[in-house]
Structure formats: structure tokens, C-alpha cells
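For reference, the chains in residue letters:
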Amino acid sequence: MLPIEAFKSLDADDFHILSIVENRMKSFLYVPLDLIASDSGFSRGFILDSLKRMHDMGLVLYKRVPYEGYVLTYAGYDVLAMKYLVDFNYIVGVGGSLGVGKESDVYMAFTPTEESVVLKFHRLGVVNLQSATRIRDYLAHKYELPWIFRSKLSAEREFKVLRDVFKAGVKVPIPIVQNRHVVVMSYVEGDLLYVCDYLPDPHKFFEMILDEMRLSYNCGYVHGDLSEYNVIVTPDLECVIIDWPQAVEVNHPSAMMLLERDLRNIVDFFARRFKLKLNFTDSLSYVLGV
Ligand SMILES: Nc1ncnc2c1ncn2[C@@H]1O[C@H](COP(=O)(O)OP(=O)(O)OP(=O)(O)O)[C@@H](O)[C@H]1O
Ligand SMILES: [Mg+2]
């Protein structure tokens, strides 16, 4: 659940105090109360009142020893990102949940012109060893950063890849903006491929996915987590590929392994579900453009 009620109840000073805590988290595990007070220019009493309310709403955590200090929770980070998106007119409201993934929460939201968009909140630090290894890989030395910054880096990464592949013509959600740990993209109507028991022409759909893999490889990326769970089948039977934060550059040492695994997932799915007879090696050559 997004902290919508908390978001609505905060005033400008609360947001200001919250963002001071955010900034100082770069250097403190718990940000000292005294520092928050001096950064803000508000009195200790005023700050405490605000922080206590935000603590009750679950936006910050509090620690008393060896000094009084505060940190953001994910909910606190969420309200800061939502504040940005609302202030800059990207969204006017948030709708229901579209999915709680391993490393993200995805929500529907609405623009001032009543278009549907998707907010993908990256949540790293919710432990998942398998993908953490890959995230560690691309975030390299930054792995030691706290969850808050790793989640932001993951969102930045997804947004960059989305923009690059989108520009190259790969069928992906339209990237709109990224702030903190949130990526905003267009909402894609349809069903995930894994729920589709029927497709009028499964072989054609398989080839469409190969085309997207080829185009994306051609523009420099391997998806790295491609499967029937990350392909949306739209009502007019187009395929849209989602979920890109773990994508790697084609010259990455694991790129070929990941590409083969992506392709294996897709080939196996179509063989299993639609009884297609597919040639893995030929498909791989096609994707590689050789
Ligand atoms: N642009 C979009 N349009 C419509 N639905 C979307 C969009 N992006 C994500 N979703 C929905 O949200 C779910 C989670 O998104 P995504 O796959 O990007 O994140 P994830 O954290 O990897 O999730 P998972 O761990 O389930 O793979 C998707 O399975 C899909 O149902
Ligand atoms: Mg996914």
C-alpha cells in the first residue's frame, strides 16, 4: 500500500524536514536530530513535533542511542517521490496496485489529462539473492550503499535502458520520467503472456518477440530477465517487453549467457504452451543478426 493518507496530511515544512533526512542519509545510518534541526533552521521542538507525527505514520524510523537520530522508511521515500511527481504535474492521483514484484511495487496513476500511467517503485534490499548478484554486477562498487540509494540507482538504470531501447523502436512502455526510486511509464493494456492460453497465431507472436530481442540487441542491450512474465500481449496482439532494470550491455561478460537464457525461456514457453517446434540455434542466430 502506498502511504497516500500520510502524503495528504503532510505540509511543506514536513516535506522539507523529510528531504533533509533524505540528503543526510548519504553520510549517516541514522541522521542526528541536531543536524536535522540545524539544516532546517527550525527549532528542535518544531522538528520533533513534525518527526513524531511522521514516525507515527511510518515515514521515518527513530533511534535514541547513542544519539537521537532518524532515517526514512520506504514509505517516507515514497512520499518524497510522489511529492515531486505531483508538484511537477506528472500525476494528479494514484490508483490500484498492478503488481507487487520481487524488487518493485507497481501502481497505476493518472496524469492531469486523465491518461493512465504506471509508477514502478524500485525496492532493493528486500532480499533476493539471485537478482542481487546481477544488480551488484552492474552497480559494481556502489553496492555498499544503503537500500535507498540502491533503489534509486536501479530506477535510474531502468529508465536509461527504457529510453535507449524505446528510441531504437523496441516495443516497451513509453518512458516518461524518473525521480528517486520511481520510474513513470505509459500504462500498457493487456495480459501477461503467461496467462494467455490462446493466441491466434503463436508462431507469429514468437517471431515478434524475437524481433524485439534482435532490435534491443542491435541497440546494445540484453534484457536479462525475459520470460512469459515480462511480456504483455496487448488487445491488438502486439507484444510489449517490460521490466528492464537488470538489462546488460551487449559487451558485458555475462551478456551472451543472459541472452541465451532469455531465449531459452521464450522458446521453452512456446514449445510447452503452444506445442511449437522451434530451433534454438536458428533463433539465436536471428537475434544476433548473424
Ligand atoms: N507499463 C506497464 N503497463 C502495465 N502493467 C505493467 C507495466 N509495468 C509493469 N506492469 C505490471 O506490474 C508487474 C510488475 O512489473 P515488473 O515486471 O516491471 O516488476 P518486477 O519487480 O520485476 O516484478 P516481478 O518480480 O513480478 O517480475 C508486471 O508483471 C505487470 O503486471
Ligand atoms: Mg517482472
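Just so it is clear, the model here is predicted, and its values are computed rather than measured.

Asker: Explain the environment of Lys120 to me, please; I cannot follow it from the model alone.
Answerer: Positionally, Lys120 belongs in strand 6 (residues 116–122). Looking at Lys120, the number of C-beta atoms within 10 Å reads 28, which means it is buried. Separated by 38 residues in sequence, Lys120 and Glu158 have C-alpha atoms that sit 10.0 Å apart. When near neighbours in sequence (up to four residues on either side) are disregarded, Lys120 contacts Ser104, Val106, Val182, Val183 and Met185.

Asker: Before we go on, may I ask you to explain the sheet that holds strand 9 (residues 191–192) in this structure?
Answerer: Note on sheets: strands pair through backbone hydrogen bonds, and any given pair is parallel or antiparallel. With respect to topology, 3 strands assemble into an open sheet ordered 9-11-12, the strand pairing being antiparallel. Strand pairing shows two members of the sheet lacking a second neighbour, strand 9 and strand 12 (239–241), which therefore form its edges. Bridge count for strand 11 (residues 231–233) against strand 12 is 3 bridges, and the pairing is antiparallel. Residue pairing for strand 12: Val233 is matched across the bridge by Cys239. Along the sheet, helix 8 (residues 202–218) contacts strand 11 and strand 12; its crossing angle with strand 12, the most-contacted strand, is approximately 35°.

Asker: Looking at this structure, I do not really get the sheet that holds strand 8 (residues 182–186). What am I missing?
Answerer: Spatial ordering of the open sheet is given by 4-5-6-8-7, a layout of 5 strands whose pairing is antiparallel. Pairing within the sheet leaves two strands with one partner each, and these edge strands are strand 4 (93–100) and strand 7 (175–179). The average angle at which neighbouring strand axes cross in this sheet is 25°, direction not considered. Where strand 7 lies against strand 8, 4 bridges are found, and the strand directions are antiparallel. For Pro175, the partnering residue across the bridge sits in strand 8 and is Met185. Each of strand 6, strand 7 and strand 8 touches helix 5 (residues 74–87); the most contacted strand, strand 7, lies at about 130° to it.

Asker: Whenever I open this one, the site of ligand 1 confuses me. Can you help?
Answerer: Of all residues adjacent to ligand 1, which total 18 residues, the nearest are Gly99, Gly101, Ser104, Pro173 and Asp243. Going through the elements one at a time, strand 4, strand 5 (104–110) and strand 6 are the ones with two or more residues in the shell around ligand 1. Partitioned by chemical class, the residues of the shell around ligand 1 number 10 nonpolar, 4 polar and 4 charged. No fewer than three residues from each of domain 2 (89–186) and domain 3 (191–288) sit in the shell around ligand 1.

Asker: Looking at this structure, how should I read the domain arrangement of the protein chain?
Answerer: A common way to state how big an interface is: give the accessible area lost once the parts meet. In terms of domain boundaries, the protein chain breaks down into domain 1 (4–76), domain 2 (89–186) and domain 3 (191–288). Contacts between the two partners involve 4 residues from domain 1, matched on the other side by 4 residues from domain 2.

Asker: Explain helix 8 here, please?
Answerer: Between its first and last C-alpha atoms helix 8 spans 24 Å; for 17 residues at 1.5 Å apiece the expected length is 24 Å, and the two agree. Residues of helix 8 that are buried sit in contact with helix 7 (147–167), strand 10 (221–222), strand 11, strand 12, helix 9 (255–274) and helix 10 (280–288). Looking one or two residues past helix 8, Gly220 carries a phi angle of roughly 115°, positive in sign.

Asker: Can you help me understand the nonpolar core in this one?
Answerer: As a rule of thumb, soluble globular proteins bury nonpolar side chains together. The biggest cluster of nonpolar side chains holds 62 residues, and the ones touching the most others in it are Leu18, Val21, Val60 and Leu72. The biggest single contributor to this core is helix 7, with 6 residues. Beyond its immediate stretch of four places on either side in the chain, Leu18 contacts Met54, Leu59, Leu72, Gly76, Val79 and Leu80.

Asker: Please explain the packing of helix 9 against helix 10 as it appears in this structure.
Answerer: Packed helices, taken two at a time, are described by their axes: the angle between them and the distance between them. Between helix 9 and helix 10, the least distance of the axes is 11 Å, while the angle of their chain directions is 125°. As the angle between them shows, helix 9 and helix 10 are arranged oblique. Crossing of helix 9 against helix 10: the hand is right-handed. Of the residues in helix 10, those touching helix 9 at Leu259, Glu260, Leu263, Arg264 and Val267 are Phe280, Ser283, Leu284 and Val287. When its residues are assigned to classes, the contact of helix 9 with helix 10 shows 6 nonpolar, 1 polar and 2 charged.

The rules behind the values
- Residues numbered from 1 in each chain as written.
- Chains lettered and ligands numbered in written order.
- Predicted model: local features only at pLDDT ≥ 70, side-chain atom pairs only at ≥ 80, totals over all residues.
- Helix = DSSP H or I, 4+ residues; strand = E, 2+ residues; numbered from the N terminus.
- Buried ≥ 20, exposed ≤ 12 C-beta atoms within 10 Å, placed from the backbone.
- Contact = placed C-beta atoms within 7 Å.
- Pairing = 2+ DSSP bridges.
- Axes fitted to C-alpha atoms, helices over the stretch in contact; angles between N-to-C directions.
- Near = placed C-beta within 6 Å.
- Nonpolar A, V, L, I, M, F, W, Y, C, P; charged D, E, K, R; others polar.
- Domains from an automatic or database assignment.
- Expected span 1.5 Å × (residues − 1).
- Core = buried A, V, L, I, M, F, W, Y, C linked by C-beta atoms within 7 Å.
- Parallel < 35°, antiparallel > 145°, perpendicular 65-115°, else oblique.
- Left-handed = near helix turned anticlockwise from the far one by under 90°.

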